[in-house]
Amino acid sequence: MKRSHLVVLVIALLALVAVFRTIQTYALTAQAFDEPCHISAALEWLDRHTYKLDPVHPPLARVAIGLPLLVAGERYPSRPSDDPGRRITTS
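Residues numbered from 1 in each chain as written. Predicted model: local features only at pLDDT ≥ 70, side-chain atom pairs only at ≥ 80, totals over all residues. Heavy atoms only, no water.

Draft legend 1. Structural context of the overall build of the chain. When helices and strands are tallied, the chain shows 3 helices and 0 strands. Ordered by position from the N terminus, the helices and strands of the chain form the series α-α-α. The buried share of the chain, taken over its 91 residues, is 13%. Within the chain, contacts between residues at least 6 apart in sequence are counted, and of these 37% link residues at least 24 apart. Accessible surface computed for the chain: about 7600 Å², of which carbon and sulfur atoms make up 66%. (Helix = DSSP H or I, 4+ residues; strand = E, 2+ residues; numbered from the N terminus. Buried < 20%, exposed > 50% of the residue type's maximum accessible area, 1.4 Å probe, protein only. Contact = heavy atoms within 4.5 Å. Areas by Shrake-Rupley, 256 points an atom, 1.4 Å probe, with all protein chains shown as cover.)

Shown next, in the form of structure tokens:
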């Protein structure tokens, strides 16, 4: 077996092991309960250019979540002016 074939085989084997080990963690870890909030904050920042929803975390990391959704056509939802949920209070 040529050396280049051996290198490709080792890399493929390591990738397969990494994928298998990642899949094994699915039963132990799940989607966090705050993921929808991160996605909403990312869409707010990208679509409305405001950052009022959960401004605790920096927005740059959230761009990785929100940008594909924005490109796919998703937008931050508009709420009627009389909706009590529209008024966001900050501490």
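We are not done yet, so read on.
Draft legend 2. A look at the pattern of salt bridges. For the coordinates displayed, the defined rule picks out 2 salt bridges. Across the pair R62 and D54 runs a salt bridge, and its minimum N-O distance is 2.7 Å. Judged by relative accessible area, which is 24%, D54 ranks as partly exposed. (Salt bridge = Lys/Arg side-chain N within 4 Å of Asp/Glu carboxyl O.)

Draft legend 3. Layout of the environment of A42. By secondary structure assignment, the location of A42 is in helix α2 (residues 35-48). Along the sequence, A42 and A61 sit 19 residues apart, while their C-alpha atoms lie 8.7 Å from each other. Beyond its immediate stretch of four places on either side in the chain, A42 contacts R62 and G66.

Draft legend 4. Representation of the packing of α2 against helix α3 (residues 59-71) within the structure. The contact between α2 and α3 brings their axes to 8 Å, and the two run at 80°. One way to sum up the angle between α2 and α3 is to call them roughly perpendicular. Residues E35, H38, I39, A41, A42, L43, W45, L46 and D47 of α2 lie in contact with α3, whose contacting residues are P59, R62, V63, I65, G66, L67, L69 and L70. Here the contact of α2 with α3 is built from residues that sort into 12 nonpolar, 2 polar and 3 charged. (Axes fitted to C-alpha atoms, helices over the stretch in contact; angles between N-to-C directions. Parallel < 35°, antiparallel > 145°, perpendicular 65-115°, else oblique. Nonpolar A, V, L, I, M, F, W, Y, C, P; charged D, E, K, R; others polar.)

Draft legend 5. Spotlight on unusual backbone geometry. Positive phi, close to 60°, is recorded for H49, a residue that is not glycine. Tracing the sequence through the fold places H49 in the loop between α2 and α3. A positive phi is found at D54, a non-glycine position, where the angle reads about 55°. Within the secondary structure, D54 is located in the loop between α2 and α3.

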